[in-house]
Amino acid sequence: MRAGSALDALVAGLRGSLAAEVDWQAVIALANHTLVTPALFSSLAHAGELHRLPPDVREYLAFIHDRNRERNLRLKAQLGEAVAALNRRGIVPVLLKGAVPLFLSPPDRLPDRITSDLDLAVEACELATAEACLAELGYRPVPNDRGMARPQDVGVLELRPCRAGAIEDVRSTRQGDLEVNVPSAQSRALHWILHDLLKEGDYWRGRIDLRHMHDLAQLADGEEIDWTALRAMVSDRTARNALDTQLLTLHHFFGTRIPPTCAKRPMARLQHWRRVFTARHPVFGAPLRFAGNLVWGTQRLSRARELAQRDPVDLLRRAFLILINKGLRSKI
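Fair warning: this is a prediction, and the values are worked out from it, not measured in the lab.

Some words on the overall build of the protein chain
No. 1: The secondary structure content of the protein chain amounts to 15 helices and seven strands.
No. 2: When the 332 residues of the protein chain are sorted by exposure, 51% land in the buried category.
No. 3: Sequence separation of 24 or more characterises 69% of the internal contacts of the protein chain that already satisfy a separation of 6 or more.

See the structure below:
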């Protein structure tokens, strides 16, 4: 099955409908790669389309969905334990990314997304106390990673510092005896977009994180997001182009309503076309992706002067991995 047909069928399923002809092996492979298999099952279930699936496909999707639900139950309990311990020290953490829907949802209506870790932020002056608090619960630093983990848990807990007021528009939220700070939907959306496109280089490399795209679509459906105000929060030219590119792709795949001004920037339109074209036609789009990897790699390596002096072999290895498209993980 062509990559474009598999992508179209998967996106249709995430929107609750079935394509006319589906190669389920190709679609499930793509869903597994992009970490949206449980969401695919939930979307088809809510739309009443499960009965139209082949029995083996329905059983497989249900199996992955149920196992992910068990994992999310354990992650929710893990998050609650960590928040309780921090609260006892007078620390109210800021929840980020997937930790927000996990905390806010009741146990009988857990989110269907695959959550890889739990992201929390505390004020910089509280970081040492927070780390000591988690160490008392048995958490230990993960080698070569910013996170902390325990053998009995299913996910890594990533604790990061933030300056007071660095994360704007947060509200205090309580669930029973637990208290956290939750960023607004607008702030969460902006964080997801800038993290993917700028920090991880998707803007230059022409990659798409379909799971985060689906997260954004669900966020826009469930909460009011003023995309015009969100765009006004970004003044940097490259960041604005990246934001518009993501919104154009969001509208293309999930029909999310976006401001017409997003399509006025020629660079955003070009980047959007490049991302969709390479996702649908990976062979023909390979030169475009290679060029994007070259630009992204040049930017990254220009900041790696210390690494070049300390370990030039490792620097060359990283450059090679970028050029051959390694490190894509769940992205297309």
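Some thoughts on the pairing of strand S7 (residues 178–183)
No. 1: With respect to burial, S7 is a largely interior element, five of its six residues being buried.
No. 2: Bridge count for strand S6 (residues 170–175) against S7 is six bridges, and the pairing is antiparallel. Bridge pairing in S7 links Val 170 to Pro 183.
No. 3: Between S6 and S7, which follow one another and run antiparallel, lie two residues, and Gly 176 among them has a positive phi close to 65°.

Section: helix H12 (residues 266–280)
No. 1: Along its 15 residues, H12 runs 21 Å from first to last C-alpha, staying within 8% of the 21 Å computed at 1.5 Å per residue.
No. 2: Of all the positions in H12, only Ala 268, Gln 271, His 272, Arg 274, Arg 275, Val 276, Thr 278 and Ala 279 are classed as buried.

A look at a nonpolar patch on the surface
No. 1: A cluster of nonpolar side chains, Met 267, Leu 270 and Trp 273, forms an exposed patch at the surface whose accessible area comes to about 320 Å².
No. 2: Topologically, Leu 270 is positioned in helix H12.

Considering the pattern of salt bridges
No. 1: In this structure the tally under the stated criterion is 18 salt bridges.
No. 2: Look at the salt bridges and you will find they share partners, linking Asp 196, Glu 200, Asp 202, Arg 207, Asp 209 and Lys 331 into a network.

A few points about the nonpolar core
No. 1: Residues Leu 10, Trp 24, Leu 40 and Phe 254 are the most contacted members of the largest nonpolar core, which totals 50 residues.
No. 2: Residues lining this core come from more than one domain, with at least three contributed by each of domain 1 (6–53) and domain 3 (186–324).
No. 3: Not counting chain neighbours up to four residues away, the residues in contact with Leu 10 comprise Val 27, Leu 30, Ala 31, Thr 34, Val 36, Leu 40 and Leu 210.
No. 4: Counting residues in each nonpolar core, the second largest holds 28 residues, with Ala 84, Leu 86, Ala 99 and Leu 102 among its members.

Observations concerning the state of the cysteines
Covalent bonding between the sulfur atoms of two cysteines is what defines a disulfide.
No. 1: Taken as a whole and assessed by the stated rule, the structure comprises zero disulfides.
No. 2: We note that Cys 162 lacks a disulfide partner, and the nearest cysteine sulfur, in Cys 125, lies 9.3 Å from it.
No. 3: Under the relative-accessibility criterion, Cys 162 is labelled buried at 14%.

Some remarks on the environment of Leu 198
No. 1: Checked against the element boundaries, Leu 198 lands in helix H7 (residues 185–199).
No. 2: Leu 198 sits in the partly exposed class, given a relative accessible area of 23%.
No. 3: Along the chain, Leu 198 and Thr 238 lie 40 residues apart, while their C-alpha atoms are 8.8 Å from each other.
No. 4: Once residues within four sequence positions are removed from consideration, Leu 198 is found in contact with Ile 193, Trp 204, Thr 238, Ala 239, Ala 242 and Trp 296.

Considerations on the packing of aromatic side chains
No. 1: On inspection of all chains with the given rule, the structure shows two aromatic pairs.
No. 2: Measuring from ring centre to ring centre gives 5.4 Å for Tyr 203 and Trp 204, while their planes differ by 80°; the resulting arrangement is edge-to-face.
No. 3: For Trp 204, a relative accessible area of 16% gives the class buried.
No. 4: With centroids separated by 5.1 Å and ring planes inclined at 20°, the aromatic side chains of Trp 273 and Phe 277 adopt a geometry described as stacked.

Quick notes on the side chain of Arg 274
No. 1: Assignment of secondary structure puts Arg 274 in helix H12.
No. 2: At 9.4 Å, Asp 202 is the nearest oppositely charged side chain to Arg 274, a buried residue that forms no salt bridge.
No. 3: Within the structure, the side chain of Arg 274 is placed 2.7 Å from the backbone oxygen of Trp 204, a separation counted as a polar contact.
No. 4: Those residues in contact with Arg 274 that lie beyond four places of it in its chain are Tyr 203, Trp 204, Arg 205, Gly 206, Leu 288 and Gly 292.

Some details on helix H11 (residues 237–254)
No. 1: Taking 1.5 Å per residue, 18 residues should reach 26 Å; H11 reaches 26 Å between its end C-alpha atoms and fits that length.
No. 2: Across the 18 residues that make up H11, a large majority, 14, are buried.
No. 3: Sitting at the amino-terminal end of H11 is Asp 236, which places a side-chain oxygen 3.1 Å from the backbone nitrogen of Thr 238.
No. 4: Directly after H11, the chain includes Gly 255, whose backbone phi takes a positive value near 70°.

Overview of the environment of Val 234
No. 1: Tracing the backbone through its elements, the reader meets Val 234 in the loop between helix H10 (227–232) and H11.
No. 2: Under the relative-accessibility criterion, Val 234 is labelled buried at 6%.
No. 3: Sequence separation between Val 234 and Leu 190 is 44 residues, and the spatial gap between their C-alpha atoms is 9.2 Å.
No. 4: With sequence-adjacent residues up to four places away left out, Val 234 is seen in contact with Leu 190, Ala 239, Arg 240 and Leu 243.

Conventions we followed
Residues numbered from 1 in each chain as written. Predicted model: local features only at pLDDT ≥ 70, side-chain atom pairs only at ≥ 80, totals over all residues. Heavy atoms only, no water. Helix = DSSP H or I, 4+ residues; strand = E, 2+ residues; numbered from the N terminus. Buried < 20%, exposed > 50% of the residue type's maximum accessible area, 1.4 Å probe, protein only. Contact = heavy atoms within 4.5 Å. Pairing = 2+ DSSP bridges. Expected span 1.5 Å × (residues − 1). Patch = residues over 30% accessible without salt bridge, like charges linked within 9 Å, V, L, I, M, F, W, Y side chains within 5 Å. Areas by Shrake-Rupley, 256 points an atom, 1.4 Å probe, with all protein chains shown as cover. Salt bridge = Lys/Arg side-chain N within 4 Å of Asp/Glu carboxyl O. Core = buried A, V, L, I, M, F, W, Y, C linked by side-chain atoms within 4.5 Å. Domains from an automatic or database assignment. Disulfide = S-S within 2.5 Å. Phe/Tyr/Trp six-rings, centres within 6.5 Å; stacked < 30°, edge-to-face > 60°. Lys, Arg positive; Asp, Glu negative; His and termini not counted. Polar contact = N/O pair within 3.5 Å; in protein donor to acceptor, adjacent residues only side chain to side chain.

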